[in-house]
Amino acid sequence: MFSKIKFGKTLMKHKYIIVDDNHESILKTQANAMRFESLTFVGYANNYDDALNLILEQQPSLVFLEINPEKKESNLSLALINELYRYLTVVPKIIVITSSQEMIFKAMEFGVADYLIKPLNINDFRKSILKFEKSITANSVVIPTQNVVSVAKNVVETVFANETQIEIPSEEKPVEELETTIEEEAIAEHFVSDDESVFEENLVIDEEEIKTETEETLEEITTNITEEVLEENAETTEIEENNQETETVEEEQDEEVTTEEQEQQDEEVQILEAKKIIVQHEQPLIICVKSYGDYRYIDSRDVLYLEADNNSTDIHLKDGEMVTAFKTLKHFENVLPTNQFLRIHNSYIISINHVSRIHTGNSVCFIKNSTIKLPFSKSYRDNVELIIHNIASGNYLEI
């Protein structure tokens, strides 16, 4: 009957995706977005097909889209926006990122939320996010809590004002009217005569007889009325008792249904909790180093850091062992998950989970349970800031 009313104001979380063919550009965009608590990173894509599949799977609220890619084979362009309208009822807000001024005017024709020019500036980035949040919250209607009582009161008054008023007519005749009717009937019986002249001469009325008959008639009528009233009261009492019994049975049935619903909800909560437990125990990433039919499987949690060695890469493990892979460090930078591994130097990729200390003054990262310390360069300082932020976002106490 009544619509749902939204109370108060809460911090809304908005999922976002980064679509860019440049890995360093993705990290810089993510570093800027991490400054805003309302944004939640769910993934990135390097080409058209991966971007389309990721957006359809995650259905984010916001997409940072590079429309002037470095690699033409990535096929990143504004055509991705038209493709989204084929599949989604609600298309996410698009903030285009480009280094070309000419592409901006073309992007505005596609109805994008905003644009950013490379290299990214935090002030421009903040303005774009505020525009995005304003456009999202503009569609929400918030009713202050203190007005809810008055709103509900007005609704109730309106409902009762429209109710049809029913008047119940009384079936009992006034006593004076009843007495007058009886007297008239009694008198009329004594005043019947065939001859009008005889009627006028011989009109003799016994007042006591009429009074006696009237009293007897009144007593009979009163007795009948009393018996009818008692019978009606008895029927009313019986109906009320039946109604009370019916209400009691309905209340018991409602309680049983409520108990069954509560038990069903408890079972669903237990199932959901079990599912959460299953999700929390996901399988770790396994890195397979393949060489001439030799398959070497490495648990990513055992990797301390990766070191470039010309066209190969040395993988250093926490047990002191080193495994050589015939792939460049750039290759590992592109394929390893950024929430676990980040490049900090031209020669090093470090495992975030094994960082024990970061000295920004000396530009050095220390490895847990060892004397190893790796340098980081200014060109990868944003990645070091990401490591600091990731560690601080967990179970963290700063003294």
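Predicted model only: the values in this text are computed from it and were never measured. (Residues numbered from 1 in each chain as written. Predicted model: local features only at pLDDT ≥ 70, side-chain atom pairs only at ≥ 80, totals over all residues. Heavy atoms only, no water.)

**Describing the side chain of Asp 20**
Right, so step 1: Its location among the elements puts Asp 20 in the loop between strand 1 (14–19) and helix 1 (23–33).
Right, so step 2: Note on Asp 20: relative accessible area 1%, which makes it buried.
Right, so step 3: Within the local environment of Asp 20, its side chain forms a polar contact with the backbone nitrogen of Asn 22, the two atoms lying 3.0 Å apart. (Helix = DSSP H or I, 4+ residues; strand = E, 2+ residues; numbered from the N terminus. Buried < 20%, exposed > 50% of the residue type's maximum accessible area, 1.4 Å probe, protein only. Polar contact = N/O pair within 3.5 Å; in protein donor to acceptor, adjacent residues only side chain to side chain.)

**Here's the deal with the sheet that holds strand 5 (residues 114–117)**
Right, so step 1: Across the sheet, which stays open at both edges, the five strands sit in the order 2-1-3-4-5 with parallel pairing between neighbours. Looking at strand neighbours, the two that pair on one side only are strand 2 (39–45) and strand 5, the edges of this open sheet. The average undirected angle you get between the axes of adjacent strands in this sheet is 20 degrees.
Right, so step 2: The strands touched by helix 1 are strand 1, strand 2, strand 3 (62–66) and strand 4 (93–98); relative to strand 1, the strand with the most contacts, the crossing angle is about 160 degrees.
Right, so step 3: Contacts between helix 5 (residues 122–137) and the sheet are confined to strand 1, strand 2, strand 3, strand 4 and strand 5, with strand 5 contributing the most and set at about 170 degrees to the helix. (Pairing = 2+ DSSP bridges. Axes fitted to C-alpha atoms, helices over the stretch in contact; angles between N-to-C directions. Contact = heavy atoms within 4.5 Å.)

**Things to note about the sheet that holds strand 12 (residues 348–351)**
Right, so step 1: Taken in spatial order, the five strands make up an open sheet running 10-9-8-12-11, and their pairing is antiparallel. Looking at which strands have only one partner, the edges of the open sheet turn out to be strand 10 (322–325) and strand 11 (341–345). Each adjacent strand pair in this sheet contributes to an overall mean axis angle of 25 degrees, direction not counted.
Right, so step 2: Against the sheet, helix 11 (residues 381–392) contacts strand 11 and strand 12, and its axis sits at roughly 140 degrees relative to strand 11.

**With respect to the pairing of strand 9 (residues 312–317)**
Right, so step 1: Among the six residues in strand 9, six count as buried, and that is most of the element.
Right, so step 2: Along strand 9, one buried face is formed by Ser 312, Asp 314 and His 316 and the opposite face, lined by Thr 313, Ile 315 and Leu 317, is buried too.
Right, so step 3: Here strand 8 (residues 303–309) runs beside strand 9; their pairing, made up of six bridges, is antiparallel. The residue bridging Glu 307 from the neighbouring strand is Asp 314, located in strand 9.
Right, so step 4: Linking strand 8 back to strand 9 in an antiparallel pair, the connection comprises two residues, with Asn 310 at a positive phi of about 55 degrees.
Right, so step 5: Bridge count for strand 9 against strand 10 is four bridges, and the pairing is antiparallel. In the sheet register, His 316 faces strand 10, and the bridge partner there is Met 322.
Right, so step 6: Hairpin connection of strand 9 to strand 10: four residues between the antiparallel strands, including Gly 320 at a positive phi of 95 degrees.

**Observations regarding the packing of aromatic side chains**
Right, so step 1: One pass over the structure, following the stated rule, counts five aromatic pairs.
Right, so step 2: Ring geometry for Tyr 16 and Phe 64: centres 5.7 Å apart, planes at 90 degrees, overall edge-to-face. Here Tyr 16 is found in strand 1, whereas its partner Phe 64 is found in strand 3, with 48 residues between them in sequence.
Right, so step 3: Judged by its relative accessible area of 1%, Tyr 16 is buried.
Right, so step 4: Feature note: the residues Tyr 16, Phe 36, Phe 41, Phe 64 and Phe 125 constitute an aromatic cluster, connected by ring pairs.
Right, so step 5: Between the NZ or CZ atom of Arg 357 and the centre of the ring of Phe 366, over which it lies, the distance is 4.7 Å. (Phe/Tyr/Trp six-rings, centres within 6.5 Å; stacked < 30°, edge-to-face > 60°. Lys NZ or Arg CZ within 6 Å of the ring centre and 35° of its normal.)

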